[in-house]
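Chains, contacts and geometry: an overview
Here are the chains, one letter per residue:
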Amino acid sequence: MIGNDVVDLKQAALDSNWRRPRFLDKVFTAEEQQLIANALDQHQMVWLLWSMKEAAYKLYLQEFGKPFFNPKKLQCCLVSLSEGTVCVFGNTYHIQTEFVEDGLHAIATLKVSTRKYAKLFLISSASHNAQSQNVREQLLKAVCEQKCISVSKLKVLKSNLGIPYLSVDGSRLQQSVSISHHGRYGGFAIC
């Protein structure tokens, strides 16, 4: 199983005023708020922690199928800016984050050693539907190349919880996938 999240840091600066009263209290634990307060780039730290929580939530949902909304129940710990963990109801998920010029891509796995393939890329369209379609196309292309499957036989579908999965000729593949897009960036992760 795998989870991912993408954040366009420029878009996040336009869309959100995370400095408004009580925002940090609603989303982040006291320890996470201390990480933000001590960070050289507080904006980047806010969205790093947010993306870690999002990626871990997607993995938790795949593993247990129990949706919830309480970001403070997802507790982040950093080893470095590119490596950390998120604990959710006693379950620990390992997070690796890739940084690009003004974006980031967080990937959550059950084990540090999990073999995975992840890709972060620019998307030219501002349309939500076009971005979603672009991410799906990039994912299908990567899987087709890996598995030598015709793109006409492969589909990205969603479970009743909204979790994406791959299907070949109507049969569900055992590979776990996660897709995400925000602003000018799209990304996916496969394991």
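Bear in mind the structure is a predicted one, so any value in this text is a computation, not a measurement.

Definitions and cut-offs
- Residues numbered from 1 in each chain as written.
- Predicted model: local features only at pLDDT ≥ 70, side-chain atom pairs only at ≥ 80, totals over all residues.
- Heavy atoms only, no water.
- Pairing = 2+ DSSP bridges.
- Helix = DSSP H or I, 4+ residues; strand = E, 2+ residues; numbered from the N terminus.
- Axes fitted to C-alpha atoms, helices over the stretch in contact; angles between N-to-C directions.
- Buried < 20%, exposed > 50% of the residue type's maximum accessible area, 1.4 Å probe, protein only.
- Contact = heavy atoms within 4.5 Å.
- Phe/Tyr/Trp six-rings, centres within 6.5 Å; stacked < 30°, edge-to-face > 60°.
- Lys NZ or Arg CZ within 6 Å of the ring centre and 35° of its normal.
- Core = buried A, V, L, I, M, F, W, Y, C linked by side-chain atoms within 4.5 Å.
- Disulfide = S-S within 2.5 Å.

1. Quick look at the sheet that holds strand S6 (residues 117-122)
Strands in a sheet are paired, the pairing made by backbone hydrogen bonds, and the direction either parallel or antiparallel. Spatially, S6-S11-S10 is the arrangement adopted by the three strands of the open sheet, whose pairing is antiparallel. Two strands lie at the open edges of the sheet, namely S6 and strand S10 (177-182), each paired on one side alone. Between one strand axis and the next, the sheet turns through 10° on average, direction left out of account. By the bridge criterion, six bridges tie S6 to strand S11 (residues 185-190) in an arrangement that is antiparallel. Across the sheet, Lys-119 pairs through a bridge with Phe-188, a residue of S11.

2. Notes on the environment of Glu-63
Looking at the secondary structure, you find Glu-63 in helix H4 (residues 42-64). Given a relative accessible area of 30%, Glu-63 falls into the partly exposed group. Sequence separation of Glu-63 and Leu-14 is 49 residues, and the distance between their C-alpha atoms is 34 Å. Aside from chain neighbours lying at most four places away, what touches Glu-63 is Met-1, Tyr-93 and Leu-110.

3. Things to note about the packing of aromatic side chains
How two aromatic rings sit relative to each other is set out by the distance from centre to centre and by the angle between their planes. Per the counting criterion, the structure on display carries eight aromatic pairs. Ring plane angle 75° and centroid distance 5.2 Å describe the contact between Tyr-57 and Phe-68, whose orientation is recorded as edge-to-face. Separated by eleven residues along the polypeptide, Tyr-57 in helix H4 and Phe-68 in the loop between H4 and strand S2 (74-80) bring together distant segments of the chain. Centroid distance Tyr-60 to Phe-64: 5.0 Å. Interplanar angle 40°. Geometry classified as tilted. Of this pair, Tyr-60 and Phe-64 both sit in helix H4, separated by four residues, roughly a single helical turn. By the ring-pair criterion, three or more aromatic residues cluster together here, those being Tyr-57, Tyr-60, Phe-64, Phe-68 and Phe-89. In this structure, Arg-172 packs its charged tip against the face of Tyr-165, placed 4.0 Å from the ring centre.

4. Focus: the sheet that holds strand S7 (residues 154-158)
Spatial strand order, S7-S8-S9: three strands in an open sheet with antiparallel pairing. For this open sheet the edge positions go to S7 and strand S9 (171-172), each flanked by a neighbour on one side alone. Pairing of strand S8 (residues 164-168) with S9 involves two bridges; the strand directions are antiparallel. From the neighbouring strand, Val-168 faces S9, where its bridge partner is Ser-171. Across the face of the sheet, helix H5 (residues 128-147) comes into contact with S7 and S8 while running at roughly 130° to S7.

5. A look at the nonpolar core
In this structure, Phe-28, Ile-36 and Val-86 are the most contacted members of the largest nonpolar core, which totals 33 residues. A total of twelve residues in this core trace back to one element, the largest contributor, which is H4. Discounting residues that sit within four places of it in the chain, Val-86 has contacts with Met-52, Lys-53, Ala-56, Leu-74, Gln-75, Cys-76, Asn-91, Thr-92, Tyr-93 and Ile-95. Judged by nonpolar contacts, the second largest core, of 18 residues, contains Val-135, Ile-149, Leu-154 and Val-168.

6. Overview of the state of the cysteines
Counted under the stated rule, the structure contains zero disulfides. Looking at the unpaired Cys-77, the closest cysteine sulfur is the one in Cys-87, lying at 5.7 Å. Take Cys-77: its relative accessible area is 43%, and that puts it in the partly exposed class. Unpaired in terms of disulfides, Cys-191 finds its nearest cysteine sulfur in Cys-144, a separation of 18 Å. A relative accessible area of 24% means that Cys-191 is categorised as partly exposed.

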